[in-house]
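The primary structure of each chain is shown beneath.
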Amino acid sequence: FHESSARYRLFGGAAGPGKTKALLYEAIYQAHLHPGVDTLLLRRTYPELEASLITYFRRDVPRELYEKYNEAKHIVTWLNGSTTRFAYCDTENDVYRYQGAEYLFIGVDELTHFTLKQWQFLTSRNRCRIAKARPCMAGATNPGNVGHAWVKALWVDRVPAPGMDRPDQYDEDDYEFIHAKLADNPLYKDDLQYRKTLGQLPEALRRALLEGEWDVYAGQYFDIFAPGRHTVRAEHVHLEAWTPRWISIDWGFEHPSAVYWHATRTDGVVVTYREFVQNHLSPRMLAAAIAERTIDRLGRAERIRDIFLSPDAFSQRTADATIAEQLGDGLAAAGLPRPTPADNDRVGGWMLMY
């Protein structure tokens, strides 16, 4: 984790490998790279901040290493004039407290407790006036909570996160994921009692906190999903040109539209082989994006049998036409079927998929 040169690092996975301590010492290290720079460490709430990062600082950092610690402002001033600030973001808009500030390093503990918009704003504060300095950020976290999806996308799956306004600006080379495991911590790797405690948690929490799995988290419906059983590398999916195919679309504008391509192989296996998620697309723009992507690996147009669209799009109107009508016009112009209303019986659909 400390040796990584990535602009944005994530130390994440199981409970117990020392993620919070690593984040604290990374902030201390960064503060000592240059005199007179500022660093920032964040938790979502003050009680969490006090019980973790501040406690570790008071207990483990020798007093002779720093000039002073301001108890009221929670700011450490190091001997070289650099600072480390302990802070929190209780509400969505608390990140704007740091508008106008600049931090050489920003560390966010339990990053999945934060939203994508909070993270994106904080990246704008990650800068330094010193020419040779290399601003960077890092997160430490377990799987789960409100930010699970966007954190998993950026670091684990290495794709733009759902909800990003400019997904084309995503550069996977800026991100590095360091998988945290219980066995990484010499204090806990042989602690059979702690391992037993984690092993007795409910299934989703056990897999997240003991094994550090990112494909499972508390509250998900498909708690039996397993990548080894339910996913396969693209080159191992053999679809013939005549294989029945269809597309499913969940319409959205502020929230992203989600488009999936499916096929049924001759052995009866249903394969979802392509995904497109993007917000701020008009119906006609979305139709064009779907048509552009409906090609096989040889560049040939795929034969799509049906396109199913969320029923609400058949009642929502912009101008004189419904969303479905505008989308259908664009799809038909590209030689694709017009959409038909999907069956939105959620419980029935969930049970069928389960």
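Residues numbered from 1 in each chain as written. Predicted model: local features only at pLDDT ≥ 70, side-chain atom pairs only at ≥ 80, totals over all residues. Heavy atoms only, no water.

**With respect to empty space enclosed by the protein**
The tally for this structure, following the rule as stated, stands at one cavity of 30 Å³ or more. By volume, the largest cavity is sized at about 40 Å³. Every residue lining the largest cavity is listed: Gly36, Val37, Asp38, Glu102, Tyr103, Leu104, Arg127, Cys128 and Arg129. Within the lining of the largest cavity, the residues separate by chemical class into four nonpolar, one polar and four charged. (1 Å grid on protein atoms, 1.4 Å probe; cavity = no way out; pocket = protein on both sides within 12 Å on 5 of 7 lines; lining within 4 Å. Points joined across faces, edges and corners; volume = space filled by probe spheres on them. Nonpolar A, V, L, I, M, F, W, Y, C, P; charged D, E, K, R; others polar.)

**A closer look at the nonpolar core**
Within the largest apolar cluster, 28 residues are counted, with the highest numbers of intra-cluster contacts made by Leu42, Val108, Leu111, Trp119, Trp150, Leu154 and Trp155. The set of elements that each furnish at least two residues to this core consists of strand 1 (8-13), strand 2 (38-43), strand 6 (105-109), helix 3 (116-123) and helix 4 (148-157). Take this core: its biggest share by element is five residues, from helix 4. Setting aside its immediate chain neighbours within four residues, leucine 154 contacts Leu116, Val159, Pro160, Ala161, Met164, Tyr170 and Tyr175. Within the second largest apolar cluster, 25 residues are counted, among which are Ala27, Ile54, Val76 and Cys136. (Core = buried A, V, L, I, M, F, W, Y, C linked by side-chain atoms within 4.5 Å. Buried < 20%, exposed > 50% of the residue type's maximum accessible area, 1.4 Å probe, protein only. Helix = DSSP H or I, 4+ residues; strand = E, 2+ residues; numbered from the N terminus. Contact = heavy atoms within 4.5 Å.)

**Describing the environment of leucine 104**
Turning to its location among the elements, leucine 104 is positioned in the loop between strand 5 (83-88) and strand 6. Under the relative-accessibility criterion, leucine 104 is labelled buried at 2%. Look past the residues within four positions of leucine 104 in its chain and what remains in contact with it is Gln30, His34, Val37, Asp38, Asn126, Arg127, Cys128, Ala133, Arg134, Pro135 and Cys136.

**Structural notes on the packing of aromatic side chains**
Taken as a whole, this structure holds 18 aromatic pairs when the rule is applied. Judged by centre distance (5.4 Å) and plane angle (20°), the ring pair of phenylalanine 1 and phenylalanine 11 falls under stacked. In this pair, phenylalanine 1 sits in the segment before strand 1 while phenylalanine 11 sits in strand 1, placing the two residues 10 residues apart along the sequence. In terms of burial, phenylalanine 1 and phenylalanine 11 fall into one category: buried. When the centroid spacing of 5.6 Å and the interplanar angle of 45° are considered together, the rings of phenylalanine 57 and phenylalanine 86 count as tilted. Of the two residues, phenylalanine 57 is situated in helix 2 (residues 46-60) and phenylalanine 86 in strand 5; the sequence distance between them amounts to 29 residues. Take phenylalanine 86: its relative accessible area is 3%, and that puts it in the buried class. In this structure, arginine 9 is placed above the aromatic ring of phenylalanine 1, and the distance from its NZ or CZ to the ring centre is 5.0 Å. Above the face of the tyrosine 56 ring, lysine 21 is positioned so that its terminal group lies 5.3 Å from the ring centre. (Phe/Tyr/Trp six-rings, centres within 6.5 Å; stacked < 30°, edge-to-face > 60°. Lys NZ or Arg CZ within 6 Å of the ring centre and 35° of its normal.)

**Some details on a nonpolar patch on the surface**
On the surface, Tyr221, Phe222, Ile224, Val347, Trp350, Met351, Met353 and Tyr354 cluster together into a nonpolar patch covering about 820 Å² of accessible area. When you line up the elements, tyrosine 221 lands in the loop between helix 6 (203-209) and helix 7 (227-230). (Patch = residues over 30% accessible without salt bridge, like charges linked within 9 Å, V, L, I, M, F, W, Y side chains within 5 Å. Areas by Shrake-Rupley, 256 points an atom, 1.4 Å probe, with all protein chains shown as cover. Salt bridge = Lys/Arg side-chain N within 4 Å of Asp/Glu carboxyl O.)

**Quick word on the side chain of asparagine 126**
Summarising the element assignment, asparagine 126 is placed in the loop between helix 3 and strand 7 (136-141). Setting aside its immediate chain neighbours within four residues, asparagine 126 contacts Arg7, Tyr8, Tyr103, Leu104, Phe105, Ile106, Pro135, Cys136 and Met137.

Read these as geometric descriptors, not functional statements.
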